[in-house]
Amino acid sequence: MHGVVQGAGGVAAAAFVLPALGFALGPIFQREPFQWQIIGRPDDFSESQYVTKVLTIVDGVGEAGKSIAYVRKRNSAIDVEKHDQFNNYIALSSRCMHLGCPVRYVEAAERFICPCHGGVYNFRGEVAGGPPVRPLDRFYTYAPKEGQPGYGYVYIGPRYSVNSELQRFSPRDPAQPLDGIGQYVYPSRFDTAVRPPITNLPTPPVIPGS
Amino acid sequence: MPLPKLPLPKRPKRGGSPPKADPVEHLHPAEAATEASLTVVGWIDERTALSPGLRWLMFRKIPRGVNWAYTLGSATLIVFLSQAVTGVFLAMYYVPSVNGGAYDSIRNINNNVFLGQFVHGMHKWGASMMVILVFLHMGRVFFFGAYKYPRELNWIIGVVLLILTMAMGFSGYLLPFDQRSYWATIVGVNINGTGPFIGPYLSDFLRAGPEFGATTLTRFYAIHMLLLPGLIAALIGAHIYLVTKLGVAAPPWLKVEEPRPRSRPSRSRGTRSP
């Protein structure tokens, strides 16, 4: 009798605790949907200047869901990391890798500078000084070749993180180093954003009069 | 059949001395009110037996030599109650909406609501005051050695209360949802994410996802006004219970009187009755 009553109490408690806990913890296992977004035409970008582009990271939350990417064309003289079809354009995230404040590009110094705690990054987004633990995060970019669908536009995809050799890692939060054992001490999410297939590009806007 | 004649009550004699009336009727109104309230208190106490417990809580022996530093805990309690009351009334006007609703509702509280800026200011400055008082109280307990046996558990509860107070400050900081709130929360969540192995998952839990999103603000709001205050109130209850049960520690400069053999009986060491 005692056992039955205690068991029933346990079942009753679990019946509301477990769903509530799952409800609160669910977002840890959630995947953020991300689609390719058009950020401009190839002529908008150069190799020596950064262009500021506003991206929507989270839909439906207004300004809080926006983020900034600094975009330029790849310059093989200075961009020595592995080249593939997703980094013809270098898109750096404005998120400081110290604690996540927004960095700004200072043209005269050719540096990215963070206003919060003085993090400094060079033209390629590598740490040049201050507390940041790794280079600026980047976004996948994709510019279709002539004849391929979507030609004539530059698309931007999900964010990825890099270590000090600019090798790609799944996106991590700021302040989590990726050199050495960092990638194991700070594991990626259970279900990280995947790069959407390049066959699934958004249709370019219709040019009036065409 | 006629009914039997009932005996009439005695009539007072005319001109004679008036009969002794009920004493309540002739009391001064204030005295009557006191009498009535005592009756209510007595009625409740007879059914709950609360008064011995209250007497146990309120009228207890305290050590000789206590000073104003011993009131820091009560001061913290008062500030917590002030935070609770002002927080409840702020919640009547606050809207935890990311799309401008939160910031607009704070502006409405500050600019339009009667006494809104005052109550908001009490809540804001009271938060800083509570953190300061918690640390002063903690310092008093530490430097007076009041955490030692048998009061270690109360010290531990106090440390948990300190952490919960900091968590209240952190979760409440986002709610005005201006630039400072937003970026301070981004920074705070990322500091939290530097914890090895589980830090990234804790950050995801706080943000409700990998990015600052639509439900981050409501999550912080629920933590700030429902989860943490309940925990804090329960732990304050345990804290005060243990203080009452174990008694207040004597100040360290108070010399322990050696029990003198065969001296005057029963003056307990270092304590005096109130």
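The structure under discussion appears in the preceding block.
A brief structural summary. (Residues numbered from 1 in each chain as written. Chains lettered and ligands numbered in written order. Predicted model: local features only at pLDDT ≥ 70, side-chain atom pairs only at ≥ 80, totals over all residues. Heavy atoms only, no water.)

## A few points about the sheet that holds strand 7 (residues 120-121) of chain A
All names here are of chain A. Within the open sheet, the four strands sit side by side as 5-6-7-8. Their pairing is antiparallel. The sheet terminates laterally at strand 5 (104-106) and strand 8 (127-129), the two strands that pair on one side only. Pairing of strand 7 with strand 8 involves two bridges; the strand directions are antiparallel. Bridged to Val120 within strand 8 is Gly129. (Pairing = 2+ DSSP bridges. Helix = DSSP H or I, 4+ residues; strand = E, 2+ residues; numbered from the N terminus.)

## Focus: the packing of aromatic side chains
Within a pair of aromatic rings, the relevant descriptors are the distance that separates the centres and the angle that separates the planes. For the coordinates displayed, the defined rule picks out 26 aromatic pairs over all chains. Ring centres of Tyr50 of chain A and Tyr70 of chain A lie 6.3 Å apart, and the angle between their planes is 80°; this geometry places the pair in the edge-to-face category. Taken together, the residues Tyr50 of chain A in the loop between strand 1 (37-40) and strand 2 (51-56) and Tyr70 of chain A in strand 3 (residues 66-73) connect sequence positions 20 residues apart. Grouping residues by exposure puts Tyr50 of chain A and Tyr70 of chain A together as buried. Residues Trp56 of chain B and Tyr241 of chain B carry aromatic rings whose centres are separated by 5.8 Å and whose planes lie at 45° to one another, so their mutual orientation is tilted. (Phe/Tyr/Trp six-rings, centres within 6.5 Å; stacked < 30°, edge-to-face > 60°. Buried < 20%, exposed > 50% of the residue type's maximum accessible area, 1.4 Å probe, protein only.)

## Some thoughts on the nonpolar core
With 31 residues, the main nonpolar core has Phe177 and Leu217 of chain B as its most contacted residues. Secondary structure elements with two or more residues in this core: strand 3, strand 4 (89-93) and strand 10 (154-162) of chain A together with helix 4 (101-111), helix 7 (179-192) and helix 9 (216-246) of chain B. Counting residues in each nonpolar core, the second largest holds 17 residues, with Leu92, Cys96, Tyr105 and Phe123 of chain A among its members. (Core = buried A, V, L, I, M, F, W, Y, C linked by side-chain atoms within 4.5 Å.)

## Topic: the interface of chain B and chain A
With 28 residues of chain B in contact, the opposing surface of chain A contributes 31 residues. At the junction of chain B and chain A, the tally comes to three salt bridges. One salt bridge connects Asp173 of chain A with Arg207 of chain B, and the closest N-O pair in it is separated by 2.8 Å. For the pair chain B and chain A, the number of links is 11 residue pairs in polar contact (both at pLDDT 80 or more). Those elements that place two or more of their residues in the side of chain B that touches chain A are helix 7 and helix 8 (199-207) of chain B. A breakdown of the residues in the side of chain B that touches chain A according to their chemical character gives 16 nonpolar, eight polar and four charged. (Contact = heavy atoms within 4.5 Å. Salt bridge = Lys/Arg side-chain N within 4 Å of Asp/Glu carboxyl O. Polar contact = N/O pair within 3.5 Å; in protein donor to acceptor, adjacent residues only side chain to side chain. Nonpolar A, V, L, I, M, F, W, Y, C, P; charged D, E, K, R; others polar.)

## Some words on helix 6 (residues 152-173) of chain B
For helix 6 of chain B, spanning 22 residues, the distance from its first C-alpha to its last is 32 Å, which sits close to the expected 32 Å at 1.5 Å a residue. Within the sequence span of helix 6 of chain B, burial applies to Asn154, Ile157, Leu161, Leu162, Leu164, Thr165, Met168 and Ser171 of chain B. (Expected span 1.5 Å × (residues − 1).)

## Let's talk about the side chain of Ser105 of chain B
Residues and elements named next belong to chain B. When you line up the elements, Ser105 lands in helix 4. On the accessibility criterion, Ser105 (5% relative accessible area) is buried. Engagement of the side chain of Ser105 in a polar contact is seen with the backbone nitrogen of Val95, the distance being 3.2 Å. The contacts of Ser105, once residues within four sequence positions are left out, are Tyr93, Tyr94 and Val95.

## A word on the environment of Gly199 of chain B
Residues and elements named next belong to chain B. Note that Gly199 resides in helix 8. For Gly199, a relative accessible area of 1% gives the class buried. Along the primary structure Gly199 and Val189 are separated by 10 residues, whereas in three dimensions their C-alpha atoms are 9.4 Å apart. Once you skip the residues sitting within four places of it in the chain, Gly199 turns out to touch Asn192 and Gly193.

## A closer look at the pattern of salt bridges
Considering all chains together, one arrives at 13 salt bridges over all chains under this definition. Several salt bridges converge on common partners, so that one network encompasses Arg72, Asp79, Glu81, Arg124, Glu126 and Arg138 of chain A.

## Notes on the packing of helix 6 of chain B against helix 9 of chain B
Residue and element names in this part refer to chain B. It is at 9 Å that the axes of helix 6 and helix 9 come closest, and there the two elements cross at 160°. Comparing the axis directions of helix 6 and helix 9 gives the class roughly antiparallel. In the crossing of helix 6 with helix 9, the sense of the turn from one axis to the other is left-handed. Of the residues belonging to the contact of helix 6 with helix 9, the class tally is 19 nonpolar, seven polar and no charged. (Axes fitted to C-alpha atoms, helices over the stretch in contact; angles between N-to-C directions. Parallel < 35°, antiparallel > 145°, perpendicular 65-115°, else oblique. Left-handed = near helix turned anticlockwise from the far one by under 90°.)

## Quick look at a nonpolar patch on the surface
All names here are of chain B. On the surface, a nonpolar cluster with roughly 780 Å² of combined accessible area is contributed by Val40, Trp43, Ile44, Leu50, Leu54, Met58 and Phe59. Among the elements of the structure, helix 1 (29-48) and helix 2 (50-58) are those that each provide at least two residues to the nonpolar patch. The topology assignment puts Met58 in helix 2. Accessibility expressed as a relative area gives 57% for Met58, which makes it exposed. (Patch = residues over 30% accessible without salt bridge, like charges linked within 9 Å, V, L, I, M, F, W, Y side chains within 5 Å. Areas by Shrake-Rupley, 256 points an atom, 1.4 Å probe, with all protein chains shown as cover.)

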